[in-house]
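Chain by chain, the residues:
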Amino acid sequence: MVDFEKELRKALEYSEKKSYPEAIRILTIIIQEYPNNIEGYRERSYVYALMKDWDKALLDISTVINLDSKNASGYFTRGRWFLSTDNASDAATDFSKVLMIERESGSSYFSETAYFFRSLAYLDMELYEKALEDLSKVRDNFTVHFKGCLRSKREIEDNAKSKIR
């Protein structure tokens, strides 16, 4: 049996060095040895996303959700992967699930960012009022890097407002 923590650290080191195939190889071994541990799937999903292999990234993060249906992080990550593949509808659904899980658990770790990303999904879906409603729950100076550029609340708000007029 492999040492989970040691092998996971090794896989993360390979990933940081952009040696993605080696990271995937190690994470696959971890998953084979520990098929019910979500960390291996989650980390392999991140590596696949770095490689822009969205089908595999989505498959692994969906496995995280199947193993732990109350995992807000899994839904948040899958929502981002859906946005990255221009699947706004499924992204909005996953960000809604994040917000529901956090309301039920009393947590707010992902809430503001989930509202922001859901507003991006709504914008893509041409649901401009819903995008603005979500943005009203986000700090004015909020920014995030997404799809290789810095996105701000003001930019998204201005975009949504211009579509309504």
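Keep in mind the model is a prediction, meaning the values are calculated, not measured.

**Looking at the overall build of the protein chain**
Consideration 1: Regarding its fold elements, the protein chain presents nine helices and two strands.
Consideration 2: Secondary structure elements of the protein chain occur, N-terminal to C-terminal, as α-α-α-α-α-α-α-α-β-β-α.
Consideration 3: Seen through its principal axes, the protein chain has C-alpha atoms that stretch 60 × 35 × 25 Å.
Consideration 4: Here the protein chain, with 165 residues, has 48% of them falling under the buried criterion.
Consideration 5: For the protein chain, long-range pairs separated by at least 24 residues make up 49% of all intrachain contacts whose partners lie at least 6 apart in sequence.
Consideration 6: Accessible surface for the protein chain amounts to roughly 9100 Å². Of this, 47% is attributable to carbon and sulfur atoms.

**Regarding the layout of surface pockets**
Consideration 1: Within this model, the largest pocket holds a volume of roughly 270 Å³.
Consideration 2: If you trace the largest pocket, you find it lined by Tyr46, Ala49, Leu50, Lys52, Trp54, Arg80, Trp81, Ser84, His145, Phe146, Lys147 and Gly148.
Consideration 3: Those elements that provide at least two residues to the lining of the largest pocket are helix H3 (38-50), helix H5 (72-84) and strand S1 (143-146).
Consideration 4: Partitioned by chemical class, the residues of the lining of the largest pocket number six nonpolar, three polar and three charged.

**So, the pattern of salt bridges**
Consideration 1: Under the definition given, this model contains eleven salt bridges.
Consideration 2: Here Arg118 ties to Asp134 by a salt bridge, and the two come within 2.5 Å at their closest N and O atoms. Here Asp134 lies in helix H8 (residues 128-135) and Arg118 lies in helix H7 (residues 111-124), a separation of 16 residues in the sequence. Each member of the pair, Arg118 together with Asp134, is buried.
Consideration 3: Notably, a salt bridge pairs Glu155 with Arg151, separated by 3.0 Å at the nearest N-O pair.

**So, the pairing of S1**
For a regular strand, the rule is simple: side chains alternate between the two faces of the sheet.
Consideration 1: Where burial is concerned, the two faces of S1 differ: the one with Val144 and Phe146 is buried and the one with Thr143 and His145 is not.
Consideration 2: For S1 and strand S2 (residues 149-152), the ladder comprises four bridges, and the chain directions are antiparallel. From the neighbouring strand, Thr143 faces S2, where its bridge partner is Ser152.
Consideration 3: Joining the antiparallel neighbours S1 and S2 is a turn of two residues, in which Lys147 adopts a positive phi near 55°.

**Some thoughts on the packing of aromatic side chains**
Consideration 1: Applying the stated rule across the entire model yields ten aromatic pairs.
Consideration 2: Ring plane angle 70° and centroid distance 5.7 Å describe the contact between Phe76 and Phe95, whose orientation is recorded as edge-to-face. Linking Phe76 in helix H5 with Phe95 in helix H6 (residues 88-105), this pair joins segments that are 19 residues apart in sequence. Each member of the pair, Phe76 together with Phe95, is buried.
Consideration 3: Seen in terms of ring centroids, Phe95 and Phe117 are 5.7 Å apart; in terms of plane orientation they differ by 15°. Their pairing is stacked. One end of the pair, Phe95, is in helix H6; the other, Phe117, is in helix H7, and 22 residues separate them in sequence.

**Examining the environment of Glu112**
Consideration 1: Position of Glu112 among the secondary structure elements: in helix H7.
Consideration 2: When sequence neighbours within four positions are dropped, the list of residues in contact with Glu112 reads Lys137, Val138, Arg139 and Phe142.
Consideration 3: Among the polar contacts listed, one links the side chain of Glu112 to the backbone nitrogen of Arg139, at a separation of 2.7 Å.

Definitions and cut-offs
- Residues numbered from 1 in each chain as written.
- Predicted model: local features only at pLDDT ≥ 70, side-chain atom pairs only at ≥ 80, totals over all residues.
- Heavy atoms only, no water.
- Helix = DSSP H or I, 4+ residues; strand = E, 2+ residues; numbered from the N terminus.
- Buried < 20%, exposed > 50% of the residue type's maximum accessible area, 1.4 Å probe, protein only.
- Contact = heavy atoms within 4.5 Å.
- Areas by Shrake-Rupley, 256 points an atom, 1.4 Å probe, with all protein chains shown as cover.
- 1 Å grid on protein atoms, 1.4 Å probe; cavity = no way out; pocket = protein on both sides within 12 Å on 5 of 7 lines; lining within 4 Å.
- Points joined across faces, edges and corners; volume = space filled by probe spheres on them.
- Nonpolar A, V, L, I, M, F, W, Y, C, P; charged D, E, K, R; others polar.
- Salt bridge = Lys/Arg side-chain N within 4 Å of Asp/Glu carboxyl O.
- Pairing = 2+ DSSP bridges.
- Phe/Tyr/Trp six-rings, centres within 6.5 Å; stacked < 30°, edge-to-face > 60°.
- Polar contact = N/O pair within 3.5 Å; in protein donor to acceptor, adjacent residues only side chain to side chain.

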